[in-house]
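Structure at a glance
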Amino acid sequence: MTIIAWDGKTMAADKMMGFGSSMATVTKIHKIDGMLFGWAGDAALGRAAQNWVRTGMKVEDFPAGQRTTPGSMMLIMPDGEIRHYGNEPYPMIIEDKFYAVGSGDEYALATMYLGHDARKAVEVASALNQHCGNGIDTLEL
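Residues numbered from 1 in each chain as written. Predicted model: local features only at pLDDT ≥ 70, side-chain atom pairs only at ≥ 80, totals over all residues. Heavy atoms only, no water.

**What to know about the overall build of the chain**
Cut-off, in case you're wondering: In this text, helices come from DSSP runs of H or I with a minimum length of four residues, and strands from runs of E with a minimum of two, each type numbered from the N-terminal end. The quantity called the radius of gyration is restricted to C-alpha atoms. Its globule counterpart is 2.2 Å times the number of residues to the power 0.38. Think of it in three bands: with a 1.4 Å probe and only protein chains considered, a residue is buried below 20% of the maximum accessible area for its type, exposed above 50%, and partly exposed in between. Two residues form a contact once any of their heavy atoms are found within 4.5 Å. Shrake-Rupley sampling with a 1.4 Å probe provides the accessible areas, and residues are treated as covered by the protein chains on show and by no other component. Positive charge is attributed to Lys and Arg, negative charge to Asp and Glu, and no charge count is given to His or to the chain ends. Working definition for charges: the position is that of NZ of Lys, CZ of Arg, CG of Asp or CD of Glu.
Helix and strand counts for the chain stand at four helices and eleven strands. Against the 2.2 N^0.38 benchmark of 14 Å for 141 residues, the chain shows a C-alpha radius of gyration of 14 Å, consistent with a compact globule. Expressed as lengths along the three principal axes of its C-alpha atoms, the size of the chain is roughly 40 × 40 × 20 Å. With 141 residues in all, the chain has 43% of them scored as buried. Of all intrachain contacts in the chain linking residues separated by at least 6 positions in sequence, the fraction that spans at least 24 positions is 56%. Approximately 7,200 Å² of the chain is accessible, and the part contributed by carbon and sulfur atoms is 52%. Averaging the coordinates of the 12 positive side-chain charges in the chain and doing the same for the 17 negative ones gives two points 6 Å apart.

**What to know about the sheet that holds strand E10 (residues 99-102)**
Let me state the cut-off plainly: A pair of strands is considered paired only if DSSP assigns at least 2 bridges between the two. Angular values range over 0 to 180 degrees, each being the angle between N-to-C directions of two axes fitted as lines to C-alpha atoms, with helices fitted over their stretch in contact.
Strand order across the open sheet formed by four strands is E10-E1-E2-E11, with antiparallel pairing between neighbours. The strands lining the two open edges of the sheet, one partner per strand, are E10 and strand E11 (136-140). Pairs of neighbouring strands in the sheet enclose a mean axial angle of 15°, with direction left out of account. Relative to E10, strand E1 (residues 3-6) is paired through four bridges, and the arrangement is antiparallel. Counterpart to Trp6 in the pairing with E10 is Tyr99. Each of E1 and E10 is contacted by helix H3 (residues 105-113), which is oriented at about 165° to E10, the strand it contacts most.

Written out as structure tokens, the structure reads:
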């Protein structure tokens, strides 16, 4: 489970990865060729999606597993455009100034709505959602 938040300047994410009754600490957000990449969902599918972005995002190379077991990929383009990908290689373009994906998204969105930044949004989501936590990573566009 995951929380990834974007406030128009910073992408922030928790670091918890759960599998069965265990958990580990991982990095879920990355800078790729001037873009910010974040993944919420199955970790192996997230790595495949990250590779898809790194190799040019060709429609025909979209990860097959993503079509059947969708997660949420947030991609912030160099100009600040927010793209949300689900189970297709065609993104939803989000027109809001801030955005969040993952199991703690409602907490994060409410926090940013109240004027706080993405880091604080992830902090609040991690405090209130049992599936988020283990620290916070941030990236600037």
